[in-house]
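# An overview of the molecular structure
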Amino acid sequence: MGDIFPRGRTAIAGLATFGVGETPGYSSMELTAKAALLAVADAGLTLPEVDALFICQPDDFFAGLSFAEYLGLQPRYTDNNRTGGSAFMSHMAVAALMLEAGYIDCALIAYGSNQRSNGGKLATKITSNAWDSPYAPLFPLTSYALAAARHMHEFGTTREDLAAVAMAARAWANTNPEAFAKGPLTMEDCLSARMISTPISVRDCCLVTDGAAAIVMTRTDRARDLAAAPVPLLGAAAATWWNSIAQSKDVTVTAAKESGARAMAMAGVTPPDIQTAQLYDAFTINTVLFLEDLGFCPKGEGGRFVSSGAIAPGGSLPVNTNGGGLSCCHPGMYGLFAVIEAARQIRGSAANQLPGIDLALAHGNGGTLSSQATVILGSMATV
Amino acid sequence: MTSPASHWREALAQGRFLLQRAGDGSAIFPPRLAAPGSGTDDLEWIEASGLGTVYTLSWVQRRPPAEPYNVALIDLDEGARLMSRVEGMTPETLRIGQRVSAFIDSSGEQPVLLFRAWED
């Protein structure tokens, strides 16, 4: 038993982003509240109809309580799961099961941060554990560097391959009005960028932006009668294999291998069925690892896959079509933005809309490649 | 009764690098109350050989004139993996696969387990 999932029986009924980029003067709470209200309105629902809250904020460990208070919600169920940037995919899994069971009727999942306007650094209170901290790894960056260095050693992945990820993200961002980082980004720009923790340079790192995102989930039969086209959730799975990168068995294989396979099995799809993938790209190596672990290319081939142009505009597997965390936005935890871009592609409302998208994957990453969570979204035709 | 973590730190302060070994022979680090995965608590303390191999590494850059320092994951010969630093090496000389040997640096406030290059 296990992994029984109500495929397609719940859906994203409303979605919104707000304040992506720079939004000086807003608190994280205000940004998140605005996105939440926009998502509820997008669904054609009213705030009192929300009866479950799922939230994870960067700087507020009691966000489930404070955000409910701010909006004046008295949720039947409040979920403050914080596995990092993957938390929102886990929220969706729990919301789907609770909706299907009839325990709740309308789930609000929200996130927001003003980290760019409020200091300009990654907003997190999480640090390395006591066993790692004497060696002063940059948190979380050096952990990703350790994975990238080993991937290069084992599979011949190059800095040029990692640069191809950044350049593809920028190419998508250049035609997305919401994206924060625009303009040309050349191979030379990437290779000459300031090194931070080898082999990761500034150009391998996600942005530090403000921004908020929210989705509303209901049962699909209800969503059908609401204001926006429903985006059914076909599968959702989360997996945790370690916290510290030092405790990984193999730094080149993440728990995305498990979460992806399980989510796709629930959805009844295989990697070639997926038409677009939104992958949490905190660093360029993430995209390479997740393409492999999710089954879009063999282990070790991720570098060559991205360098072939496969994930860029015009490629065989459009990835991070909003520009991703590297060039669209990264307000500390990006997971919900990946979900929203996948949903927009299915709705037909993405800035870089791809033709005829019926199946999209969104993948979240938390900690230091520690927590991985995957959701499969479909069009109504897939239900 | 000292906790496993406290026992390990006390040993390090006395100049000893300990590991735990589970009933199935696997080595465990960081120290735990029970073997990760199985939950069995038949753990015994062993003296680590201190020998290992660099599994992966990164050089953290600093504003000049400060030199970069390395952060490495070391695969101990006993089987456990841990994070540390390899002293006496440069970005040009330190490679994945480098054999290393542990030593305890007691110059700071807390003793720290470090490594240096080792020739078998």
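The rules behind the values
Residues numbered from 1 in each chain as written. Chains lettered and ligands numbered in written order. Predicted model: local features only at pLDDT ≥ 70, side-chain atom pairs only at ≥ 80, totals over all residues. Heavy atoms only, no water. Patch = residues over 30% accessible without salt bridge, like charges linked within 9 Å, V, L, I, M, F, W, Y side chains within 5 Å. Areas by Shrake-Rupley, 256 points an atom, 1.4 Å probe, with all protein chains shown as cover. Salt bridge = Lys/Arg side-chain N within 4 Å of Asp/Glu carboxyl O. Buried < 20%, exposed > 50% of the residue type's maximum accessible area, 1.4 Å probe, protein only. Axes fitted to C-alpha atoms, helices over the stretch in contact; angles between N-to-C directions. Helix = DSSP H or I, 4+ residues; strand = E, 2+ residues; numbered from the N terminus. Left-handed = near helix turned anticlockwise from the far one by under 90°. Contact = heavy atoms within 4.5 Å. Nonpolar A, V, L, I, M, F, W, Y, C, P; charged D, E, K, R; others polar. Pairing = 2+ DSSP bridges. UniProt positions renumbered as here; feature names shortened; annotations may be inferred. Phe/Tyr/Trp six-rings, centres within 6.5 Å; stacked < 30°, edge-to-face > 60°.

## Considerations on a nonpolar patch on the surface
Taken together, the side chains of A:Phe61, A:Ile126 and A:Phe139 present a nonpolar region at the surface, about 260 Å² in accessible area. Looking at A:Ile126, the relative accessible area reads 42%, which means it is partly exposed.

## A look at the packing of helix α1 (residues 28-43) of chain A against helix α2 (residues 63-71) of chain A
The axes of two packed helices give the description: the angle between them and the distance between them. All names here are of chain A. The geometry of α1 relative to α2 is characterised by a closest axis approach of 11 Å and an angle of 60° between their N-to-C directions. Along this stretch, α1 crosses α2, giving a crossing that reads as right-handed. Taking contact as the criterion, the partners of Met-29, Glu-30, Thr-32, Ala-33, Ala-36 and Leu-37 in α1 are, on α2, Ser-66, Phe-67, Tyr-70 and Leu-71. Partitioned by chemical class, the residues of the contact of α1 with α2 number seven nonpolar, two polar and one charged.

## A few points about α2(A)
Residue and element names in this part refer to chain A. Turning to α2, its buried residues are Ala-63, Gly-64, Ser-66, Phe-67, Ala-68 and Leu-71. Elements that come into contact with the buried residues of α2 comprise α1, β2 (52-55), β3 (77-79) and β4 (107-113). Just downstream of α2 lies Gly-72, where phi reads positive at about 75°.

## What to know about the sheet that holds strand β1 (residues 18-21) of chain B
Residue and element names in this part refer to chain B. Across the sheet, which stays open at both edges, the three strands sit in the order β2-β1-β3 with antiparallel pairing between neighbours. A strand with exactly one partner marks an edge of an open sheet, and here the two such strands are β2 (27-28) and β3 (44-47). Sitting on the sheet, helix α1 (residues 4-13) touches β1 and β3, and the angle it makes with β1 is about 145°.

## Some details on the UniProt feature "domain: ChsH2 C-terminal OB-fold" (unreviewed entry) in chain B
UniProt annotation of "domain: ChsH2 C-terminal OB-fold" (unreviewed entry) refers to residues 45-102 of chain B when read in the numbering used here. End C-alpha atoms of residues 45-102 of chain B are separated by 17 Å, and the span's content is 0% helix alongside 53% strand.

## Regarding the sheet that holds strand β9 (residues 276-279) of chain A
Residue and element names in this part refer to chain A. Spatially, nine strands are ordered β3-β2-β4-β7-β1-β8-β11-β10-β9 in an open sheet, and the strand pairing comes out mixed. A single partner strand is all that each edge strand has here, and the edge strands are β3 and β9. The mean angle between the axes of side-by-side strands here comes to 20°, regardless of whether they run parallel or antiparallel. Across nine bridges, the pairing between strand β1 (residues 10-21) and strand β7 (residues 210-219) is antiparallel. Each residue of the ladder has a partner; that of Leu-15, found in β7, is Ile-215.

## What to know about the pattern of salt bridges
Residues and elements named next belong to chain A. Inspection of every chain in the model, using the stated rule, returns 19 salt bridges over all chains. The closest approach of N and O atoms between Glu-301 and Arg-304, which form a salt bridge, is 3.0 Å. A residue is classified by how much of its surface remains accessible, and Glu-301, at 32% relative accessible area, is partly exposed. Using a relative accessible area of 40% as the deciding quantity, one classes Arg-304 as partly exposed.

## Some details on the environment of A:Met1
As for its position among the elements, A:Met1 is in the segment before β1. A:Met1 sits in the exposed class, given a relative accessible area of 97%.

## Considering the packing of aromatic side chains
Per the counting criterion, the structure on display carries ten aromatic pairs over all chains. Here the aromatic rings of A:Trp131 and B:Phe29 are separated by 5.3 Å at their centres, their planes lie at 75°, and the arrangement is edge-to-face. Pair noted here: A:Trp131 is in the loop between β4 and α4 (141-155) and B:Phe29 is in the loop between β2 and β3, and the two residues belong to different chains. For the pair shown, A:Trp131 and B:Phe29 are each scored as buried. Between A:Tyr144 and A:Phe283, the ring centres sit 4.5 Å apart and the planes meet at 40°, which makes this aromatic pair tilted. Separated by 139 residues along the polypeptide, A:Tyr144 in helix α4 and A:Phe283 in the loop between β9 and α9 (284-293) bring together distant segments of the chain. Accessibility classification places A:Tyr144 together with A:Phe283 in one group, the buried group.

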